[in-house]
Every structure is written in structure tokens, then in C-alpha cells.
Amino acid sequence: MGRAPGPDEARSLVESRLHDGEELLWVGRSDPARVFVDADRWLIPLSVLFSAVLAVADVAVFSSGAHPVTIVVLAALSVAAAHVLVGRFLVKRHRKRTDVYAVTDHRVLVVNERRVRETSASRTDWYVDRSAEHMSVEWDDSRHLDTLFWGGSEAVRQYANTGLDLTPERGNFALYDVADGEALLAALRRTSGR
């Protein structure tokens with residue numbers, strides 16, 4: 001896993017991605033100390049139950065000499081269960097260590113060594129989710145998904161910031177679990193006029 005860039009390295013990483021004349025208003029990151037989200041209230045118990053059922057099934061299948069296809073299917077389900085129970089937290093940890101958030105006078109950015117995700121800083125369709133010590137800001141990029149499948153945008157949103165959103169590019173653009181939330185909000189208000 002990548003090493004987390006320090007504050008100066010994070011700022012340099014963002015500055016290297018700026019366009020000519022673009023002004024950097026705020027740089028921050030997701031707080032690595034915040035591990036759990038609201039969805040974990042149901043994800044953790046369900047994943048423990050699912051893993052326990054699969055463990056019993058694995059023992060029964062292996063001891064009975066079941067068909068190889070059955071063994072492969074159960075093994076694949078066991079890997080999925082392990083990811084839901086443990087692996088997703090490793091995904092979140094990696095993102096929190098490597099992603100840097102920034103607001104410029106033109107764009108809002110999520111930057112790491114490999115890629116840049118961005119949205120226009122003038123967009124006004126963002127909303128804030130506050131907790132006691134953190135703030136998350138999310139832009140509504142998944143409204144169109146409601147026409148594709150039942151509960152589209154809500155289905156995408158419920159897995160956001162859980163580590164189960166394996167491709168964050170497909171969900172809403174968001175900055176999660178920021179401890180310096182008021183400074184982030186001030187920068188967004190300045191650029192969006194909200």
C-alpha cells in the first residue's frame with residue numbers, strides 16, 4: 001500500500017495537477033481515524049452472518065467430497081464474504097492514505113499518484129453530511145441511474161465510502177470524512193456562490 005503523503009507532499013501533488021492560472025483555495029484529506037460509516041450498522045452483522053453460513057457450508061462441502069463446481073462457487077463466495085468483512089476496510093485505508101482533496105477556483109479534485117478525478121467548482125448540486133467531528137460533501141452525479149434500475153442513486157449512495165464502492169468513478173463525486181470541514185465549506189461556497 002502506498003505511503004501517505006505529508007501535508008507539503010499533498011500540496012505539491014495537487015499543485016502539479018493545476019492548470020495555468022488556477023488558484024488553489026483548499027487542500028485536505030479524509031481522516032484515516034474515521035473507519036466506520038452509518039451503513040456499517042447493517043453491513044457488519046450481515047457480513048458476519050454470511051461468513052458464518054459460508055464457513056459451515058465450506059466444511060460440509062469439503063468433507064463430503066462435493067462436485068468441483070460446488071467447491072469453486074463456495075470458494076468464490078467465501079472470498080467475497082472476506083472482502084465484505086475485512087477487505088473493504090483495507091480498500092478504505094488505502095484511499096484515505098493516498099487520496100488528496102483540493103478545491104481550486106475552477107475545480108474540485110481528488111488526486112493521487114495515478115489519477116485525478118474532478119468536477120466543476122461552480123456546481124451547486126452538492127450537499128453536506130456532518131458528524132460531530134467530520135464533514136463529507138457529495139455531488140449528485142447518480143440521478144440518471146434511477147432510470148436504469150430500481151432505487152438507482154440510493155443503491156449507489158448506500159455503498160459510498162464503505163470500501164464496497166470498488167470503482168468510485170461510477171458513484172457520486174465526493175470528499176469524505178474531512179476533519180477541516182469548515183475551511184472546505186468556505187472554499188466551496190466561494191466557488192459555487194451558495
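Residues numbered from 1 in each chain as written. Predicted model: local features only at pLDDT ≥ 70, side-chain atom pairs only at ≥ 80, totals over all residues. Heavy atoms only, no water.

### Let's talk about the pairing of strand S7 (residues 174-178)
For step 1, the next point in the chain: With five of five residues buried, S7 lies mostly within the body of the structure.
For step 2, the next point in the chain: Sheet topology note: the strand S6 (residues 135-139)/S7 ladder contains three bridges and is antiparallel. When the sheet's bridge partners are listed, Met135 is paired in S7 with Val178. (Buried < 20%, exposed > 50% of the residue type's maximum accessible area, 1.4 Å probe, protein only. Helix = DSSP H or I, 4+ residues; strand = E, 2+ residues; numbered from the N terminus. Pairing = 2+ DSSP bridges.)

### A word on the sheet that holds strand S5 (residues 126-130)
For step 1, the next point in the chain: Judged by pairing direction, the sheet is antiparallel, and its three strands sit side by side in the order S5-S6-S7 without closing on themselves. The open sheet has two edge strands with one neighbour each: S5 and S7. Each strand axis lies, on average, 15 degrees off the axis of its neighbour in the sheet, ignoring direction.
For step 2, the next point in the chain: Relative to the sheet, helix H5 (residues 181-192) contacts S5, S6 and S7, its axis offset from that of S5 by approximately 165 degrees. (Axes fitted to C-alpha atoms, helices over the stretch in contact; angles between N-to-C directions. Contact = heavy atoms within 4.5 Å.)

### Things to note about the sheet that holds strand S2 (residues 100-104)
For step 1, the next point in the chain: Strand order in the open sheet formed by four strands is S1-S2-S3-S4, and the pairing between neighbours is antiparallel. At either end of the open sheet lies a strand with only one pairing partner, and these are strand S1 (24-28) and strand S4 (116-120). Each neighbouring strand pair of the sheet contributes to a mean axis angle of 15 degrees, computed without reference to strand direction.
For step 2, the next point in the chain: In terms of strand pairing, S1 meets S2 through four bridges, oriented antiparallel. Bridged to Gly28 within S2 is Tyr101.

### A few points about a nonpolar patch on the surface
For step 1, the next point in the chain: Together, Trp42, Leu46, Leu49 and Val53 make up an exposed nonpolar region whose accessible area comes to about 390 Å².
For step 2, the next point in the chain: With respect to the helices and strands, the residue Trp42 is situated in helix H2 (residues 40-64).
For step 3, the next point in the chain: By relative accessible area, which is 34% here, Trp42 ends up partly exposed. (Patch = residues over 30% accessible without salt bridge, like charges linked within 9 Å, V, L, I, M, F, W, Y side chains within 5 Å. Areas by Shrake-Rupley, 256 points an atom, 1.4 Å probe, with all protein chains shown as cover. Salt bridge = Lys/Arg side-chain N within 4 Å of Asp/Glu carboxyl O.)

### Examining unusual backbone geometry
For step 1, the next point in the chain: For Asn161, which is not a glycine, the phi torsion comes out positive at approximately 65 degrees.
For step 2, the next point in the chain: Within the secondary structure layout, Asn161 lies in the loop between helix H4 (152-158) and S7.
For step 3, the next point in the chain: Judged by its relative accessible area of 10%, Asn161 falls in the buried class.
For step 4, the next point in the chain: A positive phi angle is found at Asp177, which is not glycine, with a value near 55 degrees.
For step 5, the next point in the chain: Structurally, Asp177 is set in strand S7.
For step 6, the next point in the chain: For Asp177, a relative accessible area of 2% gives the class buried.

### Focus on the pairing of strand S3 (residues 107-111)
For step 1, the next point in the chain: Among the five residues of S3, five are classified as buried, and the element is accordingly described as predominantly covered.
For step 2, the next point in the chain: Here four bridges tie S2 to S3, and the two strands are oriented antiparallel to one another. Residue Val103 lies in a different strand from S3, and its bridge partner there is Val108.
For step 3, the next point in the chain: In sequence, S2 turns back onto S3 through a hairpin of two residues.
For step 4, the next point in the chain: Here S3 pairs with S4 via five bridges, running antiparallel.

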